[in-house]
Amino acid sequence: MTEFSIGEDFLQTENAGRKIALDEDYAALARALGRRGIDTEAVVQKVMAFGVAIPTWGVGTGGTRFARFPGPGEPRHIIDKLEDCATIHQLTRTTPRISPHFPWDTTRDYAALREIAAGRGLAFDAVNSNTFQDQPNQEHSYKFGSLSHVHDAVRAQAIAHNIDCIDIGRQLGSKALTVWIADGSNFAGQSNLVSAFDRYLESMREIYTALPGDWRVFLEHKLYEPAFYSTVVSDWGTSFAAAQELGPKAQCLIDLGHHAPNVNIEQIVARLVRFKKLGGFHFNDSKYGDDDLDTGSVEPFRLFLVFNELIDAATRDTEGFAPAYMLDQSHNVTDPIESLMQSAIELQRAYAQTLIVDRPALAAAQQANDALGAHLELKRAFTADVSPILAMARLRAGGAIAPIEAYRAAGYRKQKAKERPPVTGASAGIV
C-alpha cells in the first residue's frame, strides 16, 4: 500500500480558497502597522526565517503516570515519526528540524536515517539522552540516580550512554547534546546534597570532554519530579553554576514548565543572555507545574515576554547569542500533529509580536521611569493580531494558509490509522 501524504495540488487548492481574504486582512494590517512606522514586509521575511525543532516523541500520544490512551494512526517507529514531522513542516513551514531521543529512536543505519530525513526536507537538531528510565537488558538500574549515582558502575554506564548519543548525533549532523537527569531524593537524609552534585559534575566533565569542537551541551534543570524532596539539577542557578564549571561549550536549557510557580522566566532568560549561557528552550505551557501543555495555550503573555528578551538580545547583537528552539509537549487528549502545528504557530505569533515593539519608545519610557508607558508599549504589540503576517509567511514559504484546517480536510490522520496498526490497551507513562 502506498503511504498517504498531503499532495501539493491539494494544498494549493486549499490555499486558493483562502487567498482573497488573506490579501485583504494583510493589506489592512500593513496599513495599520505602517502608521506606526513598521515595515510589515520585513516582519514577514523574519517570520519566514524563524524555525523551531519538533521532538520525535512529540508526534506520539502522551500520557500521565495514571494512564495513557493511544490514538489512531500513532507512529510505530522513527520512520513514521519522520513522516509526521515532515507533514507538520509541510503545512507550517516553521519546523525544519527534528530532535531525536535515544534509545527511543535507535536504528541500525544512521547515515540512511539522515538521508531519509533530508528527503523529507528535515535536518536533525540536538540529540537527547535518556538516563531517567531503565531499558531492556540494561545492566545497572537508574532507580536511585544516573550521573550522580553513588556507585561508580552506574555513573559509568550513564556516561557511556551520553557519549554514544554524541556519536549518533555526529552521524546525523547534529551539533548539540541535551542532558536531563531525573536524579534526586524523596526523603530528607536520603542523599548527601553536596556529594550528589559533585558526582554529577564529575560525570558531566567526561561527557563534556567527548564533545566535538563545534558542539554544545545543554544542561536542563527541573525543580521536581520524579524526585520530590530534592533534585540534583533543580533550578537555573544550579544549571548555570555547572555550565560555568564545565566550560564555554556548556550552556543552560530552559523548559518553561521546569520552574517553581510564578517564577519570572523572562528575567532568567535575561540573566543567561548576559552571561552567554543561554543554550536554548523547550517550549510548552503550564497551569500548575510541569504540565507540558500546548505552547501558548495558558499564558501567551509570558511567552511574549520571553521572546521580548530574545529580540532585545538579538537587537543588541549579543555575542554568542544562538539559542536553540524546540517544542516539548505531551499531547494526551489532542491529535499530536494538530497540537504541534498550533504550538509552532503560537511561537511565530510571539516572535512576530515582539518584532513590532517600538523599541526606541520602550527605551525612552524606561529611561524616563514611565512605568505605565513602558508597559503599554509592550501591550500594544502583544494585543496586535499578527495572524495575517503568519499566514502570509506560510503561504510564501509554500505552506498552508490555515494548517490545521488543511490537515483535517486532507484526512491525514484517518489515512494513517489505516496504514498503521492500532496500539491496543491503556498503559501508564508520560510518553
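The structure presented is a predicted model; accordingly, all values stated were derived computationally and were not measured.

Analysis parameters
Residues numbered from 1 in each chain as written. Predicted model: local features only at pLDDT ≥ 70, side-chain atom pairs only at ≥ 80, totals over all residues. Heavy atoms only, no water. Buried < 20%, exposed > 50% of the residue type's maximum accessible area, 1.4 Å probe, protein only. Helix = DSSP H or I, 4+ residues; strand = E, 2+ residues; numbered from the N terminus. Arc of directions from axis to C-beta. Contact = heavy atoms within 4.5 Å. Axes fitted to C-alpha atoms, helices over the stretch in contact; angles between N-to-C directions. Nonpolar A, V, L, I, M, F, W, Y, C, P; charged D, E, K, R; others polar. Disulfide = S-S within 2.5 Å. Pairing = 2+ DSSP bridges.

**Q** I'm lost on helix α14 (residues 403–410) in this one. Help?
**A** One turn of an α-helix holds 3.6 residues; hence residues three or four places apart share an orientation. Taken together, the buried positions of α14 are occupied by P403, I404, A406, Y407 and A410. Axial view of α14: buried residues confined to an arc of 165 degrees, hence all on one face. Residues of α14 that are buried in the fold lie against α1 (8–34), α3 (78–92), α10 (336–355), α13 (387–396) and α15 (412–419). In the stretch just after α14, G411 is the one whose phi turns positive, near 70 degrees.

**Q** What is the right way to look at the packing of α1 against helix α2 (residues 40–49) in this model?
**A** For any two helices packed against each other, the geometry comes down to the angle between their axes and how far apart the axes lie. Relative to each other, α1 and α2 sit at 115 degrees, their axes nearing to 9 Å. For the pair α1 and α2, contact is made by Y26, L29, A30 and L33 and by T40, E41 and V44, respectively. The class makeup of the residues in the contact of α1 with α2 is 5 nonpolar, 1 polar and 1 charged.

**Q** Honestly, the state of the cysteines in this entry has me stumped. Any pointers?
**A** A covalent bond between the sulfur atoms of two cysteines is what we call a disulfide. Within the structure shown, the criterion is met by 0 disulfides. In this structure C165 is a free cysteine whose sulfur lies 18 Å from that of C85, the closest cysteine sulfur available. With a relative accessible area of 1%, C165 lands in the buried category.

**Q** Could you clarify how one ought to interpret the environment of A53 in this entry?
**A** Along the polypeptide, A53 turns up in the loop between α2 and β1 (54–55). With relative accessibility at 0%, the residue A53 sits in the buried group. Beyond its immediate stretch of four places on either side in the chain, A53 contacts R97, D125, Y325, M326 and L327.

**Q** Mind showing me how you'd approach unusual backbone geometry here?
**A** Trans peptide bonds make up the majority, and among non-glycine residues the majority have a negative phi. Going from F102 to P103, the amide bond is cis rather than trans, its omega being 20 degrees. Inspection of the secondary structure puts P103 in the loop between β2 (97–99) and α4 (110–119). Here the amide bond leading from E225 into P226 is cis, since omega sits at 5 degrees, within 30 degrees of zero. With respect to the secondary-structure elements, P226 resides in the loop between β7 (216–220) and β8 (230–231). Phi angles above zero are rare outside glycine, and R93 is one such case at about 55 degrees. Here R93 shows up in the loop between α3 and β2. Exposure remark for R93: the relative accessible area of 26% places this residue in the partly exposed category. The backbone of N137 sits at a positive phi, close to 65 degrees, despite the residue not being glycine. By relative accessible area, which is 83% here, N137 ends up exposed.

**Q** Just to check I follow, could you spell out the sheet that holds strand β10 (residues 278–283) for this structure?
**A** One key point about sheets: their strands pair by backbone hydrogen bonds, in either a parallel or an antiparallel sense. As summarised here, the arrangement of the 6 strands in space is β4-β5-β7-β9-β10-β11, forming an open sheet in which the pairing is parallel. Since the sheet does not close on itself, it has two edges, and those belong to β4 (127–128) and β11 (324–327), each with one partner. Bridge analysis of strand β5 (residues 176–179) against β7 gives 4 bridges, and the strand direction is parallel. Of the residues in β7, the one forming a bridge with T178 is F218.

Just distances and angles here, no functional claims.
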